[in-house]
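Secondary and tertiary structure notes
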Amino acid sequence: MTTLRLILGDQLTREISSLDGLDTKSDVILMAEVMEETTYVPHHKQKIALILSAMRHFAQSLSKEGMQIDYVKLDDPHNSGSFTGEVARAIHKHKIKQIIVTEPGEWRVLEMMRDWSTLFSLPVEIREDDRFFCTRGRFARWAEGRKSFRMEFFYREMRRETNLLMEGDEPAGGQWNFDHDNRKSLPSGVKAPKRNRFTHDAVTKDVITLVDKLFPNHIGQLENFGWAVTRVDALSALHHFIKDCLPSFGDFQDAMKQGEPFLFHSIIAPYLNCGLLTPREVCGAAEQAWKRGKAPLNAVEGFIRQILGWREYVRGIYWHQMPAYAQGNALNATRKLPEFFWTAKTAMNCIAQVVEETKANAYAHHIQRLMVTGNFALLAGIAPAEIEAWYLAVYADAYEWVELPNVHGMVLFADGGLLASKPYAASGAYIDRMSDYCKNCAYDVKAKSGEKSCPFNRLYWHFMIENEAQLSKNPRMAMPYRTLAKMPAERRAEITREALAFLDNGDLETE
Ligand code: FAD
Ligand code: DLZ
Ligand code: SF4
């Protein structure tokens, strides 16, 4: 019986469950570059190039192992443009009797796959994606009966279950979390290490030419494309991080510096998410660095928590809550996304820097995403769907299962507090403390009112006023609401006037 095994662009690992039990003589592996996936949001050019080049390299490596690959390129004149269309063509071409696939990372694609059995009158086996530490069933058991979910408790269970950074039943170093040692701003003498980026082979060059031709209007530049597109190079990126960056990862995890897009971050999320690296090997490598005395515990714990904790937690929430999750809008945010999220043309230096770096690298680190662009979207009341589509498009690591909970839950509080206990709202003072952006800005971060006052200051109090009914009862918001309660009515009116002037008329440069 001829079996079709479909491998998606974010399933590029030899261990993917859809390959279990493969019969190299009779089975056909389908990999398809399709327009639907390259355009369902206008992905960054580097993201498309990374996925297509990694897909082509992966297909070559499977082919060398003697597997039968049906690889469909984006510019193939017969390409139907969708997964469903390509599966249909493959069924016809290879006289397929059953389909095996690993569950996709996005609800949208799962819905598509669920129709295939009826559509093609064939058995379709959708297998679990066992690359994650926590299965969907395991997360559902953890979530059962809880009104709100908190990452920290989930993370401790994951530590116990995986035995990562454990000494018997106790966490290594006697604490689960070393964040009080982290979160430093970058002192002037500390230099970020030079990062190893990768040169383009013939396959990548072809893909870059194709992407340039087909997606001229998508955001981003391809000149400085430096992503790894093979497992060998992704492993080399991991080892470079463990050796040169991990020791300082914890200390400067939250720091931002103009002209230093990567600092001590790993830049491996795109590889984890498309399958070139596995979370188990990454966490294992970090733990080994600590065991060998090459990296301190605060750094290693902080790093492992991002993967074993946050990454698994947001995936759990995505699958537990979808499809309703995407529809929530707890703070009734309705504004359109300003054009400067695409162009970087704004007098707000922090936003301009982050958007420029995003365009150049398809990358921004967590605090830039959360506390600069995310914080702005929260304070300005940008409609969830608008800003979610932006995040899904612009980062090389963006897939809905990980992007949506981060944006909808962590950044926008649009789930009403299911994922985070309070909104991460902050005024300009936070950005000033953690970065050097403010000293190069047309706005004055210390000013609370007036045309030149930092928009984050104006929008922060406007956000508190606008959402008073919803948020003032939250015990974790007691501090700002105590201050607001003491504010004279005239000052409240001034805040509203000035915030609306900014939101409705644009900032200094765009007026
Ligand atoms: P590092 O800072 O080196 O962290 C190590 C790894 O931990 C990352 O590679 C990633 O796999 C994991 N990780 C860290 N934080 C998170 C988190 N909050 N959720 C899930 N995994 C995490 N991450 C994505 O992979 N895809 C996304 O689409 C995405 N969208 C985001 C949107 C917003 C608004 C925010 C605030 C965060 C988002 N993140 C996303 C999480 C995080 O910002 C990125 O994983 C990280 O910046 C990637 O860079 P890095 O590999 O250098 O990470
Ligand atoms: C993101 C992406 C892009 C841009 N292009 C393709 C593609 O052409 N073919 C493919 O198989 N996968 C692609 N992907 C990744 C898919 O969007 C991803 O597999 C689904 O969203 C499920 O997570
Ligand atoms: Fe951003 Fe305000 Fe600082 Fe300017 S002053 S960089 S707008 S936080």
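Values in this document were obtained by computation on a predicted structure and should not be read as measured data.

**Concerning the overall build of the protein**
A count of helical and extended segments in the protein gives 23 helices and seven strands. Its C-alpha radius of gyration of 24 Å places the protein within 12% of the 24 Å reference for a compact globule of 511 residues. Here the C-alpha coordinates of the protein stretch approximately 80 × 55 × 50 Å along the principal axes. In the protein, which comprises 511 residues, the proportion classed as buried is 58%. Once local pairs closer than 6 in sequence are excluded, the contacts in the protein between residues at least 24 apart make up 76%. For the protein, the accessible surface area stands at approximately 21000 Å², while carbon and sulfur atoms represent 51% of it. Counting 62 positive and 65 negative side-chain charges, the protein places the centres of these two groups 3 Å from one another.

**Observations regarding the site of ligand 1**
In the vicinity of ligand 1, 30 residues are found, and the nearest of them are H265, S266, I267, N273 and Y363. Within the side chain of N273, a nitrogen or oxygen atom sits 2.9 Å from an oxygen atom of ligand 1. The backbone of D397 places a nitrogen or oxygen atom 3.0 Å from a nitrogen atom of ligand 1. Relative to its unbound accessible surface of 800 Å², ligand 1 loses 99% to contact with the protein. When contributions to the shell around ligand 1 are tallied by element, the ones reaching two or more residues are α11 (269-274), α13 (297-321), α16 (366-380) and α18 (400-411). Residues belonging to the shell around ligand 1 are distributed by class as follows: 19 nonpolar, seven polar and four charged. Counting the residues that make up the shell around ligand 1, at least three belong to each of domain 2 (136-201 + 223-321) and domain 3 (340-505).

**Here we look at the domain arrangement of the protein**
Under the domain assignment, the protein is made up of domain 1 (3-127), domain 2 (136-201 + 223-321) and domain 3 (340-505). Across the contact, 13 residues belong to domain 1 and 16 residues belong to domain 3. Surface buried jointly by domain 1 and domain 3 totals about 1100 Å² across both partners, of which 57% is contributed by carbon and sulfur atoms. Of all residues in domain 1, H44, K47 and E106 bury the most surface against domain 3, accounting for 42% of the area lost on that side. At the junction of domain 1 with domain 3, the criterion picks out zero salt bridges. In this structure, the connection of domain 1 to domain 3 is made through seven residue pairs in polar contact (both at pLDDT 80 or more).

**Points about unusual backbone geometry**
Glycine aside, the phi torsion of most residues is negative, and most peptide linkages are trans. For the bond running from M322 to P323, omega is 10 degrees, close enough to zero to count as cis. With respect to the secondary-structure elements, P323 resides in the loop between α13 and α14 (340-343).

**Overview of the packing of helix α20 (residues 455-466) against helix α23 (residues 489-505)**
Closest axis-to-axis distance for the α20/α23 pair is 9 Å, and the angle between their directions is 120 degrees. If you check the angle between α20 and α23, you find them oblique. Relative to α23, the crossing made by α20 is left-handed. Where α20 abuts α23, its residues P455, R458, L459, W461, H462 and I465 lie against R492, I495, T496, E498, A499, L500, F502 and L503. Among the residues forming the contact of α20 with α23, the class breakdown is nine nonpolar, two polar and three charged.

**Examining the nonpolar core**
Counting residues in each nonpolar core, the largest one holds 161 residues, and the members touching the most others are L246, Y271, Y313, F376 and I387. It is α13 that provides the largest number of residues to this core, a total of 11 residues. Dropping the residues within four chain positions of it, L246 is found in contact with F241, A286, A289, A295, A299, V300 and F303. Residues L8, V34, V72 and V101 belong to the second largest nonpolar core, which totals 21 residues.

**Section: the site of ligand 2**
Within the structure, ligand 2 sits among 18 residues, and G9, D10, A32, V34 and E37 are positioned closest to it. One of the backbone N or O atoms of G9 is found 2.9 Å from an oxygen atom in ligand 2. V34 is positioned such that a nitrogen or oxygen atom in its backbone is 2.9 Å from an oxygen atom of ligand 2. Burial of ligand 2 by the protein chains amounts to 100% of its free accessible area of 490 Å². Listed by contribution, the elements that provide at least two residues to the shell around ligand 2 are α1 (35-39), α2 (45-64) and α4 (107-114).

**A few points about α20**
Given 3.6 residues per turn, any residue in an α-helix points the same way as the ones three and four places further on. When the terminal C-alpha atoms of α20 are compared, their 16 Å separation across 12 residues agrees well with the 16 Å that a helix rising 1.5 Å per residue should span. Burial runs high along α20: 11 of the 12 residues are buried. All buried positions along α20 are accounted for by P455, F456, N457, R458, L459, Y460, W461, H462, F463, M464 and I465. Tucked inside the fold, the buried residues of α20 contact α15 (349-361), α16, α19 (428-434), α21 (468-471), α22 (478-485) and α23.

**Observations regarding the pattern of salt bridges**
In total, this model carries 28 salt bridges according to the counting rule given. Close ionic contact of R156 with E152 constitutes a salt bridge, the shortest N to O distance being 3.9 Å. Of the two residues, R156 and E152 both sit in helix α7 (residues 151-162), four residues apart, roughly one turn of that helix. Close ionic contact of K446 with D432 constitutes a salt bridge, the shortest N to O distance being 3.4 Å. Of this pair, K446 sits in the loop between α19 and α20 while D432 sits in helix α19; the two residues are 14 residues apart in sequence, bridging distant segments of the chain.

Rules used in this analysis
Residues numbered from 1 in each chain as written. Chains lettered and ligands numbered in written order. Predicted model: local features only at pLDDT ≥ 70, side-chain atom pairs only at ≥ 80, totals over all residues. Heavy atoms only, no water. Helix = DSSP H or I, 4+ residues; strand = E, 2+ residues; numbered from the N terminus. Rg over C-alpha atoms; globule rule 2.2 N^0.38 Å. Buried < 20%, exposed > 50% of the residue type's maximum accessible area, 1.4 Å probe, protein only. Contact = heavy atoms within 4.5 Å. Areas by Shrake-Rupley, 256 points an atom, 1.4 Å probe, with all protein chains shown as cover. Lys, Arg positive; Asp, Glu negative; His and termini not counted. Charge placed at Lys NZ, Arg CZ, Asp CG, Glu CD. Near = heavy atom within 4 Å. Polar contact = N/O pair within 3.5 Å; in protein donor to acceptor, adjacent residues only side chain to side chain. Nonpolar A, V, L, I, M, F, W, Y, C, P; charged D, E, K, R; others polar. Domains from an automatic or database assignment. Buried area = accessible area lost by both parts, 1.4 Å probe. Salt bridge = Lys/Arg side-chain N within 4 Å of Asp/Glu carboxyl O. Axes fitted to C-alpha atoms, helices over the stretch in contact; angles between N-to-C directions. Parallel < 35°, antiparallel > 145°, perpendicular 65-115°, else oblique. Left-handed = near helix turned anticlockwise from the far one by under 90°. Core = buried A, V, L, I, M, F, W, Y, C linked by side-chain atoms within 4.5 Å. Expected span 1.5 Å × (residues − 1).

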